[in-house]
Amino acid sequence: MASAVIQTGTRLTKLPSGRLSLPIKGMTCASCVGRVERAIKDVPGVKTAVVNLATERADVTFIEAADPQAFVDAIESAGYSVHEETTELIIDAMTCASCVGRVEKALRQVPGVIHVNVNLATERARLRHMAGVVTIADLEEAIEKAGYTSRPVPAVPGGAGDQDAERREAEGRELRRSLLIAAVLTLPVFILEMGSHLVPSMHHWVMHTLGLQISWYIQFALATLVLFGPGMRFFRKGVPALLRGGPDMNSLVSVGTAAAYGYSVVATFAPGVLPQGTANVYFEAAVVIVTLILLGRTLEARAKGRTSQAIKRLVGLQAKTARVERNGATVEIPLEQVTTGDVVLVRPGEKVPVDGQVIKGASYVDESMITGEPVPVSKGVGAEVVGGTINKTGAFSFRVTKVGANTVLAQIIRLVEEAQGSKLPIQALVDKVTMWFVPAVMAAAVLTFLVWLVFGPSPALTFALVNAVAVLIIACPCAMGLATPTSIMVGTGRAAELGVLFRKGEALQALRDVSVVALDKTGTLTKGRPELTDLVPADGFAYDEVLALVAAVETRSEHPIAEAIVAAAGQRELTLAAAEGFEATPGYGVTATVSGRTVAVGADRFMTQQGLDVRAFVPAAQRLGEEGKSPLYAAIDGRLAAVIAVADPIKETTPEAIRALHALGLKVAMITGDNAATAAAIARQLGIDEVAAEVLPDGKVAALKKFRANGARVAFVGDGINDAPALAEADVGLAIGTGTDVAIEAADVVLMSGDLRGVTNAIALSQATIRNIKQNLFWAFAYNAVLIPVAAGALYPLNGMLLSPIFAAAAMALSSIFVLGNALRLKRFRAPMSIEANADVAEGGAISTPSPVNRH
């Protein structure tokens, strides 16, 4: 465990006296056992400590309340660590940011819990706790005491999707039904009361047909049905929360509507109790408030459902069945029954059910759901296929290598869920404010009531009641609570659709702030494998003739450059004769006889040794040098035949990606093992600003620290395999991989395609998401900062303006809808760079760089 410091800023709750069993990591021998036992016994209150090397556990008994953090600190000070676990729970019945704060507070108080993160938009809690100390039952009990219910998240990523969808749909149906009933019952109340105020003829009709008292009786009956029917949901949740001393949004609505309703009941049935001239009814305010808030909740539920569509689409990519060879026959079985090693058959147009390796047949497979690249990829024997991708043309069979939670698609779903459930640093201030927001609003409502009662005009009691209710109703912690998580949900979901996986939600904010993008050369700027890039034949020699003879010689060599030349001959379908008398001169070159012709391949000094003058190729050699390439030469039958360059080609999309990074105002740096001259040539060619050359693999971290000078924030882009230390050291680590390299633990962001343009898209999406979050937070805070004073009557001394509780309810409902609607705009985010094709399968036009290895 890297650190036992509680990130929420709260110490672990003390354990009652008794026993504790801790799993210990890092013990290897009996002396380790002794050190751990001594460390634990030094903790105050410990009676006995028995450490077992075989089970790697420490059983501790203590005679007084003990702080589990003290055990963690003691064990870590001895050089070992306590194993942590992560648990995720689905929380029901949360409605606002105050709910989030109360659930987090309740979970932090469970002994052994280290860190808690509760998300309103995803309705989930993710906890880190000491293994063996905390149980699911402990957590569920704490949540229940806080007034909410919970259940574990299914183990398979995305497994909760169907359940969540069904639950949300049921909640949506219930909300729509309640809204319809409330609206039908509210309309007559509104017409009777407000119609009489707004339309004189309506007032005369009510007074002469029904009479004022009968009108009030009708309003009372209808309002009672609304408040104790559809509106009862607010009282069921709000009143217990108020009694627990933890009021939430429901408490504000409950108190506000109850005040308006109660005052109206007294005015209707016991008007003599009230001061002269204050017997007025506000049934219409109570029922319209309930109806408008139900309308807001209904629209909010629909919008929240849309924020999770990215996960739904990913889950929907999974096939339901697979056609598998069993006992010599082909049978169709549910996906859950497929096991590793099965042979699966896929026909044209079908989804690939799980991950595997092709063993028969060939086809083109649409992998856009993995890489974001729309061009289908050729798959033949030995190729890897990924579950959820779509077979386009031919049929093939593959052997299953991964199933269930181990498949690429399952890993993607898990990464997206984790990113969507995370909190950004910008959320810290929001959490602090919202914990005190509802109590502060209730205090403001009480103060408003008292000020109007003492200093207000006649009838002071009426003014005091109306304004206090308006303050209670207009306050909206929901908007504050939803401002950040909804933007994260939509932003990370959209990123997944573009082939960008944010492993950590914090990277969304950190990526926006980078000023330098450092790129590893091999595999990131380049394709990562040597290729023949240039072959310039001398007069009297043909291209294919020279290539066939040189490749025939190189078949005898295992050098990467030799392999590239042989591969180039294979691509042109040249027939290679057998090479005889092969001889290698280290540091110079090789010679052999092919079909009776003597062939020599090597550096310029090797040609000089052979008595050949290379001056005829000086212009070509200079051009190659300017491009950062080191030329090789070929001689046939004692005549100089060609100049050759083998290099690791730059991906076709790299120059465009670097220009796009510059357009975002970022500096671009390159880290390479090439010599300084070659690295400088590549940097000039691509327009790279800074270079760290001749860097060994373990020197990349030091290079990043150099780029970070003067306070610059650095993003490092690597292949995710050899670059783990640098990916971890950078402010943001981006791993460029393919669909089979998803689980790159050191990176903060994984780019599913091998295309560097994904970096630009990730940064642009980060900027758009943070901008969206700031817009939401500005609206949420500005809304409350401006309208709560207005609801309290701050403008009354200036222009006589007061805010009706009805308009306050409408404004409150609209505030949450505005935040959700603004977050949903991220679904329409357009990537600044369209990734149209995999650079590895594109043909021609490659810009090349030299291979870092020396020739022979």
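A closer look at the overall build of the protein chain
Then, number 1: Scanning the protein chain for helices and strands turns up 29 helices and 31 strands.
Then, number 2: Here the protein chain has roughly 35800 Å² of accessible surface; of this, 57% comes from carbon and sulfur atoms.

With respect to the packing of aromatic side chains
Then, number 1: Applying the stated criterion to the full structure yields 14 aromatic pairs.
Then, number 2: With a centroid separation of 6.2 Å and an interplanar angle of 20°, the aromatic rings of Phe220 and Tyr261 are classed as stacked. Linking Phe220 in helix H7 (residues 212–227) with Tyr261 in helix H9 (residues 249–269), this pair joins segments that are 41 residues apart in sequence.
Then, number 3: Taking relative accessible area as the criterion, Tyr261 reaches 12% and is therefore assigned buried.
Then, number 4: Judged by centre distance (5.0 Å) and plane angle (80°), the rings of Phe220 and Phe269 are edge-to-face.

Some words on the packing of helix H8 (residues 232–243) against H9
Then, number 1: In contact at an axis separation of 7 Å, H8 and H9 are set at 105° when each is read in the N-to-C sense. Of the possible angle classes, the one that applies to H8 and H9 is roughly perpendicular. Taken together, the residues of H9 that come into contact with H8 (itself represented by Phe234, Phe235, Lys237, Gly238, Val239, Ala241 and Leu242) are Asn250, Ser251, Val253, Ser254, Val255, Thr257 and Ala258.
Then, number 2: Residues belonging to the contact of H8 with H9 are distributed by class as follows: eight nonpolar, five polar and one charged.

Points about the confidence of the model for the protein chain
Then, number 1: A residue-level look at the protein chain finds 86% of positions with pLDDT of 70 or above and a mean pLDDT of 80.
Then, number 2: The model gives residues 836–856 a pLDDT under 50, and that stretch makes 71 contacts with residues more than four places away or in other chains.

Details of a nonpolar patch on the surface
Then, number 1: A contiguous nonpolar patch, built from Leu447, Val451, Leu453, Val454 and Phe455 and spanning about 520 Å² of accessible area, is present on the exposed surface.
Then, number 2: The topology assignment puts Leu447 in helix H14 (residues 427–455).
Then, number 3: What makes Leu447 exposed here is its relative accessible area of 55%.

Remarks on the sheet that holds strand S9 (residues 321–326)
Then, number 1: Strand order in the open sheet made by the six strands is S10-S9-S11-S17-S12-S15, with antiparallel pairing throughout. In this open sheet, the two edge strands, each paired with only one partner strand, are strand S10 (329–334) and strand S15 (384–385).
Then, number 2: Inspection of the sheet shows S9 paired to S10 by six bridges, in the antiparallel sense. Following the sheet pairing, Glu325 is matched in S10 by Thr330.

Structural notes on the pattern of salt bridges
Then, number 1: The full count for this structure, using the stated rule, is 23 salt bridges.
Then, number 2: Residues Arg233 and Glu174 are paired through a salt bridge, measuring 3.7 Å at the closest nitrogen-oxygen approach. Here Arg233 is found in helix H8, whereas its partner Glu174 is found in helix H5 (residues 160–198), with 59 residues between them in sequence.
Then, number 3: Across the pair Asp520 and Lys700 runs a salt bridge whose closest N-O atoms are separated by 3.0 Å. Of the two residues, Asp520 is situated in strand S19 (residues 516–520) and Lys700 in helix H25 (residues 700–707); the sequence distance between them amounts to 180 residues. Accessibility classification places Asp520 together with Lys700 in one group, the buried group.
Then, number 4: Each of Glu88, Arg124 and Arg126 takes part in one network of salt bridges that share partners.

Overview of the environment of Lys47
Then, number 1: Along the chain, Lys47 turns up in strand S2 (residues 46–52).
Then, number 2: Along the primary structure Lys47 and Val60 are separated by 13 residues, whereas in three dimensions their C-alpha atoms are 7.6 Å apart.

Description of the packing of H9 against helix H15 (residues 460–474)
Then, number 1: Where H9 meets H15, the closest approach of the two axes is 8 Å, and the angle between their N-to-C directions is 155°. Taken together, the axes of H9 and H15 lie roughly antiparallel to each other. Viewed along their axes, H9 and H15 form a crossing whose handedness is left-handed. Where H9 approaches H15, its residues Met249, Leu252, Val253, Val255, Gly256, Ala259, Ala260 and Tyr263 are matched on the opposing element by Leu461, Thr462, Leu465, Val469, Leu472 and Ile473.
Then, number 2: Residue classes in the contact of H9 with H15 are distributed as twelve nonpolar, two polar and no charged.

About the criteria used
Counting from 1, residues in each chain are numbered in the order their sequence is written. This being a predicted model, a pLDDT of at least 70 is required before a residue's local features are given, and a value of 80 or more before pairs of side-chain atoms are given or counted; all residues contribute to the totals for chains, interfaces and linings. Hydrogen atoms and water are omitted, and side-chain values are computed over all heavy atoms in the structure. Helix and strand definitions follow DSSP, with helices as H or I runs of at least four residues and strands as E runs of at least two, each counted in order from the N terminus. All accessibility values rest on the Shrake-Rupley procedure with a 1.4 Å probe; residue burial counts only the protein chains present in the view. For Phe, Tyr and Trp, rings pair up if their centres lie within 6.5 Å, where Trp contributes its six-membered ring, and each pair is then called stacked (planes under 30 degrees apart), edge-to-face (over 60) or tilted (otherwise). Classification of residues uses two cut-offs on accessible area relative to the type maximum, computed with a 1.4 Å probe and protein chains only: under 20% is buried, over 50% is exposed, and between them is partly exposed. Inter-axis angles, ranging from 0 to 180 degrees, are taken between N-to-C directions of lines fitted to C-alpha atoms, where helices are fitted over the stretch in contact. Orientation categories follow fixed angle ranges, with anything under 35 degrees roughly parallel, anything over 145 roughly antiparallel, 65 to 115 roughly perpendicular, and all other angles oblique. Whether two residues are in contact is decided by their heavy atoms: any pair within 4.5 Å suffices. Lys, Arg, Asp and Glu make up the charged group, whereas Ala, Val, Leu, Ile, Met, Phe, Trp, Tyr, Cys and Pro make up the nonpolar group; the residues left over, Gly among them, are polar. In predicted models, pLDDT denotes the confidence assigned by the predictor to each residue on a 0 to 100 scale. Distance thresholds for patches are 9 Å for like charges and 5 Å for nonpolar side chains (Val, Leu, Ile, Met, Phe, Trp, Tyr), applied to residues having over 30% relative accessible area and no salt bridge. One speaks of a salt bridge when a side-chain nitrogen belonging to Lys or Arg is within 4 Å of a carboxyl oxygen belonging to Asp or Glu. Two strands form a pair only when DSSP identifies at least two bridges running between them. By definition, any crossing whose near helix is turned counterclockwise from its far helix by less than a right angle is left-handed, and any crossing with a clockwise turn is right-handed.

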